[in-house]
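Structural overview for review
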Amino acid sequence: HYIKTGIRSKMQNLTVWIKAIATFFLCLALASTDKTIYTLLEQASAGVIGSILGGIAAGISVIFGILAVINKGEKSTDFTDYLDSLELDLKLLVMCLAVTIFLPYLRNYDIPLVNYPQHEFIPSKGKLFTALELFAIVLSLNLIAEVISCMILVVKKSFKIESK
């Protein structure tokens, strides 16, 4: 049983990595070096992701309040898997927010003594940074959907426990 679970977990991790790499290459294909396009993207993304993160934090605090009332001091591990998943998703979402904040700065900052490589198979610096910003946005949207799904599952499970 443990071997099957370990193999399934590794396959799920591999699937996640394959999807992430495919998504990044799609973002790279859609990336533009047009200043008006990436400026619009840079101006909007951090504010939107930050606002949604604040709303999610407020929603989580309400859910924790509900769980505290339902459990009434009982030690319950029914929610630990959901809460662990929620914690990881929120940490990744904060990381995506940091990326969308700092990438515009790094786009215009040249690190001394480091030259960006020039080759026909390597995208330009501007295109790479736009692709990274798009990837951070796509990842953020996926994480937001996952967090909302996890929050709904916690509430559903709490209603099942309350009805018992």
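My aim in this report is to walk through the structure given alongside it, one point at a time. Worth saying up front: this structure is predicted, and the values here are computed from it rather than measured.

Digging into the overall build of the protein
- A tally of helices and strands in the protein yields four helices and zero strands.
- When the helices and strands of the protein are placed in sequence order, the string is α-α-α-α.
- In the protein, the proportion of contacts linking residues at least 24 apart, taken out of those at least 6 apart, comes to 86%.
- With an accessible surface of roughly 11500 Å², the protein has 68% of that area assigned to carbon and sulfur atoms.

Details of the packing of aromatic side chains
- Per the stated rule, a full pass over the model turns up three aromatic pairs.
- Aromatic pair Phe 24 and Phe 135: ring centres 5.8 Å apart, planes at 85°, arrangement edge-to-face. With a gap of 111 residues between them, Phe 24 in helix H1 (residues 2-30) and Phe 135 in helix H4 (residues 125-163) connect regions that are remote in the sequence.
- On the basis of relative accessibility, which here comes to 18%, the residue Phe 24 falls in the buried class.

With respect to the layout of surface pockets
- Taken as a whole, the largest pocket spans an internal volume of roughly 720 Å³.
- Along the wall of the largest pocket there are 21 residues; nearest its centre are Val 16, Ala 20, Leu 92, Leu 139 and Leu 143.
- Contributing elements (two or more residues each) for the lining of the largest pocket: H1, helix H3 (80-108) and H4.
- For the lining of the largest pocket, the element with the highest residue contribution is H1, accounting for nine residues.
- Residues that form the lining of the largest pocket fall into these classes: 11 nonpolar, six polar and four charged.

Some points on the environment of Phe 24
- As a C-alpha pair, Phe 24 and Leu 134 span 110 residues in sequence and 8.3 Å in three-dimensional space.
- If sequence neighbours within four positions are ignored, Phe 24 has contacts with Leu 128, Ala 131, Leu 132 and Phe 135.

Let's talk about the side chain of Arg 107
- Looking at the element boundaries, Arg 107 is found in helix H3.
- Residue Arg 107 is classed as buried on the basis of its relative accessible area, which comes to 7%.
- For Arg 107, the residues in contact, after removing those within four places along its chain, are Tyr 38, Glu 42, Lys 125, Gly 126, Phe 129, Thr 130 and Glu 133.

What about the nonpolar core?
- Ranked by size, the top nonpolar core spans 18 residues in total, and within it Ile 56, Leu 86, Leu 93 and Met 151 carry the most contacts.
- Mapped onto this core, the elements with two or more residues apiece are helix H2 (35-71), H3 and H4.
- Those residues in contact with Leu 86 that sit more than four places away from it in its chain are Ile 60, Val 147, Cys 150 and Met 151.

Re the environment of Ser 124
- Within the secondary structure layout, Ser 124 lies in the loop between H3 and H4.
- When near neighbours in sequence (up to four residues on either side) are disregarded, Ser 124 contacts Thr 33 and Tyr 116.

What about the side chain of Thr 100?
- Positionally, Thr 100 belongs in helix H3.
- Here Thr 100 falls in the buried class, since its relative accessible area comes to 2%.
- Among the polar contacts listed, one links the side chain of Thr 100 to the backbone oxygen of Leu 97, at a separation of 2.8 Å.
- Once residues within four sequence positions are removed from consideration, Thr 100 is found in contact with Ser 45, Ala 46, Ile 49, Ala 136 and Ile 137.

What to know about the pattern of salt bridges
- Following the criterion strictly, the structure yields three salt bridges and no others.
- With a closest N to O distance of 2.8 Å, Glu 42 and Arg 107 form a salt bridge. Placement of Glu 42 in helix H2 and of Arg 107 in helix H3 is noted, with a sequence separation of 65 residues between them.
- Taking the shortest distance from any N to any O, the salt bridge between Glu 87 and Lys 91 comes out at 3.2 Å.

Parameters and conventions
Residues numbered from 1 in each chain as written. Predicted model: local features only at pLDDT ≥ 70, side-chain atom pairs only at ≥ 80, totals over all residues. Heavy atoms only, no water. Helix = DSSP H or I, 4+ residues; strand = E, 2+ residues; numbered from the N terminus. Contact = heavy atoms within 4.5 Å. Areas by Shrake-Rupley, 256 points an atom, 1.4 Å probe, with all protein chains shown as cover. Phe/Tyr/Trp six-rings, centres within 6.5 Å; stacked < 30°, edge-to-face > 60°. Buried < 20%, exposed > 50% of the residue type's maximum accessible area, 1.4 Å probe, protein only. 1 Å grid on protein atoms, 1.4 Å probe; cavity = no way out; pocket = protein on both sides within 12 Å on 5 of 7 lines; lining within 4 Å. Points joined across faces, edges and corners; volume = space filled by probe spheres on them. Nonpolar A, V, L, I, M, F, W, Y, C, P; charged D, E, K, R; others polar. Core = buried A, V, L, I, M, F, W, Y, C linked by side-chain atoms within 4.5 Å. Polar contact = N/O pair within 3.5 Å; in protein donor to acceptor, adjacent residues only side chain to side chain. Salt bridge = Lys/Arg side-chain N within 4 Å of Asp/Glu carboxyl O.

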